[in-house]
Amino acid sequence: MAVQSPSLQAEEQQSGSKPKAVAKADKHIWGIFIALCIISTIELYSASSREVASSSIGVMGPILRHLVMLAGGALIVWLLSKRHYSEFIPFTLGFALVSVVMMVYVMFFGEIVNGARRSLTILGIGIYPAEMVKLSAVLLIALVMTWNPNTKKVGVTSKAVIYSGVIVLFLSGLLIEQGLTNTLLLLAISYSMMIIGGVRIWHLFLLSLAYAACGGVFVLYLLWSDSSKEIPADAEQQIELVADGTAKRNPTRIDTWIARVQRHSGDSVPKWEIPAVGKNRQEILSYMAQANGGIYGVGPGNSREASRLPLAFSDYIYAIIIEELGLIGGLVVLVLYLWLLGRASGIASHCNRTYPALVVIGMAVMIAFQALFHMGIVSGVFPVSGQPLPLLSKGGTSIVVTAIAFGIMLSISRTATRQGGRKQDIRDEIDALPEQFGAENQMQL
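Draft legend 1. Structural context of the side chain of Ser86. Within the fold, Ser86 resides in the loop between α4 (61-81) and α5 (89-109). Judged by its relative accessible area of 5%, Ser86 falls in the buried class. For Ser86, the side chain forms a polar contact with the side chain of His84, separated by 2.8 Å.

This is how it looks when you write it as structure tokens:
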């Protein structure tokens, strides 16, 4: 039997292994993650006062629970950052399948939260699949656009646009019953990835027409399905009497959307003169909290409205941040998310391959856009809707999904080769990727 030389054995072992990291994990992304965790710990302690007062979990219960979730999120970030980004490719389809199955289950059998079926419980842990669906959308669109590059010019083929549109429409159909905001957020993420990925304006226009047509059909279906239902004679709790004495059904999701938009755009009365009643209590109290904060804030732990604002620890935590840290603190939080988007853009623009560039920018867009939606809703720029602030709001699923996104971004910053890098590193990267993922990065950044 022939015996191989040690040098030959070493070469074979190296060729069968994952390529080595080409850089250190991005310090800016790590710094943003740590800063958000610190702010979250401080502000959630104040924002949970209402939850503490209404339960027997103790004063430290909510914050200890949140610290455990943040610690778990940090562990996820660290573990994923140590992996080569090529290992996330087979993970995509499995994660997307699990997300869709959970989402379908929630549509029919999920637990009702804030007027819609939004969650399911596994082993006593509440899971919100809508957060997972948004992450799945980023990974799936990155796959589709990487598989279908335009070999003649910059960008992708029309087939990539069609497949991406089908994915977005399917996932939007799962999300829209839970709230219009999640659907709009998904559309914003997908449009951003397509524009940066080089999709032609004409294709985006046609895709928008298709989205509008499908949205119109869905609205007509909801109106028809609601009008075709009979009101049970013995279900008085499901009807209300209007001025002329006729029965009116409880509001549908469309009624809720229209009412929120009308309340947001049709109010000529200044915000400070609107009384806080049942339908607008949360938003008015959030405006009061922000007004109370002023420029410099009242200081951590000194919030006046945290004990009255029902969802201060989740959908309205940005109002408590501004109340305690002032306009300056609110701007710091905004800059952190925009900084994350800027760092991801810089990494994406220098990646040699298309796939890591699309994934890293998609993850950053998902986090930054969700943060902007939350801030816009809380500050009154957008109509009222529920949207957690990534890493800062209470919520296990949101923290885990955000941690996965940070971990993937850090992995790409560490293992994706850069333009102008060593030729051997580039060859090792190509060898580690499936054949369809070898296209050079031509993103429009």
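Draft legend 2. Looking closely at helix α14 (residues 396-415). For α14, spanning 20 residues, the distance from its first C-alpha to its last is 28 Å, which sits close to the expected 28 Å at 1.5 Å a residue. Buried residues dominate α14, accounting for 18 of its 20 residues.

Draft legend 3. Inspection of unusual backbone geometry at higher detail. The backbone of Leu391 shows a phi angle near 75°, a positive value even though the residue is not glycine. Tracing the backbone through its elements, the reader meets Leu391 in the loop between α13 (354-379) and α14. We classify Leu391 as buried; its relative accessible area is 1%.

Draft legend 4. The arrangement of the packing of helix α8 (residues 180-196) against α13 in detail. Where α8 contacts α13, the two axes come as close as 9 Å, and the packing angle between them is 140°. The orientation of α8 relative to α13 falls into the category oblique. In this structure, α8 crosses over α13, and the sense of that crossing is right-handed. Residues Thr181, Leu184, Leu185, Ala188, Ile189, Ser192, Met193 and Ile196 of α8 form the contact with α13, whose participating residues are Leu358, Ile361, Gly362, Val365, Met366, Phe369, Gln370, Phe373 and Ile377. Considering only residue class, the contact of α8 with α13 consists of 13 nonpolar, four polar and no charged.

Draft legend 5. Up close: the side chain of Ser398. For Ser398, the position within the fold is in helix α14. Not counting residues within four places of it along the chain, the set of residues in contact with Ser398 comprises Glu131, Gln370 and Pro388.

Draft legend 6. Up close: the confidence of the model for the chain. Model confidence for the chain is summarised by a mean pLDDT of 81, while 80% of its residues fall at 70 or above. Long-range and interchain partners of residues 1-16, a stretch whose pLDDT sits below 50, account for two contacts in this model, where long-range means more than four residues apart. This stretch, residues 230-249, has a pLDDT under 50; its non-local contacts, to residues over four places away or in other chains, come to 18 contacts.

Draft legend 7. Quick peek at the environment of Gly326. For Gly326, the location among the structural elements is in helix α12 (residues 317-350). By relative accessible area, Gly326 is classed as buried at 0%. C-alpha of Gly326 to C-alpha of Gly293: the two residues are 33 residues apart in sequence and 4.7 Å apart in space. With residues near it in sequence (within four places) discarded, Gly326 still touches Gly293, Gly294, Ile295, Tyr296, Gly297 and Ile321.

Draft legend 8. Here's a closer look at the pattern of salt bridges. Taken as a whole, this structure holds six salt bridges when the rule is applied. Where Glu305 meets Arg304, a salt bridge forms, and the shortest distance between an N and an O atom there is 2.7 Å. For the salt bridge of Arg308 with Glu305, the shortest nitrogen-to-oxygen distance reads 2.7 Å. Looking at Arg308, the relative accessible area reads 33%, which means it is partly exposed. One continuous salt-bridge network, built from bridges that share partners, spans Arg304, Glu305 and Arg308.

Draft legend 9. Broad picture of the nonpolar core. Ranked by size, the top nonpolar core spans 109 residues in total, and within it Met363, Phe406 and Met409 carry the most contacts. With 15 residues, the single largest contributor to this core is α13.

Draft legend 10. Main features of the packing of α5 against helix α6 (residues 129-147). At a minimum axis distance of 9 Å, the contact between α5 and α6 shows a crossing angle of 145°. Relative to α6, α5 is oriented so that their crossing is left-handed. Mapping the contact onto sequence places Ile89, Phe91, Thr92, Leu93, Phe95, Ala96, Val98, Ser99, Met102, Met103 and Val106 in α5 and Pro129, Ala130, Met132, Val133, Leu135, Ser136, Leu139, Leu140 and Leu143 in α6. Residues of the contact of α5 with α6, tallied by class, amount to 17 nonpolar, three polar and no charged.

Draft legend 11. Focus on the sheet that holds strand β3 (residues 125-127). Read from one edge to the other, the open sheet built from three strands follows the order β1-β2-β3, with strand pairing classed as antiparallel. The strands lining the two open edges of the sheet, one partner per strand, are β1 (111-113) and β3. Shown here is a sheet whose adjacent strand axes are inclined to one another by a mean of 45°, direction ignored. For β1 and strand β2 (residues 116-122), the ladder comprises three bridges, and the chain directions are antiparallel. Looking at the pairing, Ile112 lines up with Arg117 of β2. Sitting on the sheet, α5 is in contact with β1, β2 and β3, with an inclination near 115° to β2.

Draft legend 12. Structural view of the pairing of β2. Both β2 and β3 contribute to a ladder of three bridges, which runs antiparallel. Directly across from Ile122, in β3, lies its bridge partner Ile125. The turn joining β2 and β3, which pair antiparallel and follow one another in sequence, is formed by two residues; a positive phi near 55° is taken by Leu123.

About the cut-offs
Residues numbered from 1 in each chain as written. Predicted model: local features only at pLDDT ≥ 70, side-chain atom pairs only at ≥ 80, totals over all residues. Heavy atoms only, no water. Helix = DSSP H or I, 4+ residues; strand = E, 2+ residues; numbered from the N terminus. Buried < 20%, exposed > 50% of the residue type's maximum accessible area, 1.4 Å probe, protein only. Polar contact = N/O pair within 3.5 Å; in protein donor to acceptor, adjacent residues only side chain to side chain. Expected span 1.5 Å × (residues − 1). Axes fitted to C-alpha atoms, helices over the stretch in contact; angles between N-to-C directions. Parallel < 35°, antiparallel > 145°, perpendicular 65-115°, else oblique. Left-handed = near helix turned anticlockwise from the far one by under 90°. Contact = heavy atoms within 4.5 Å. Nonpolar A, V, L, I, M, F, W, Y, C, P; charged D, E, K, R; others polar. pLDDT = per-residue confidence, 0-100. Salt bridge = Lys/Arg side-chain N within 4 Å of Asp/Glu carboxyl O. Core = buried A, V, L, I, M, F, W, Y, C linked by side-chain atoms within 4.5 Å. Pairing = 2+ DSSP bridges.

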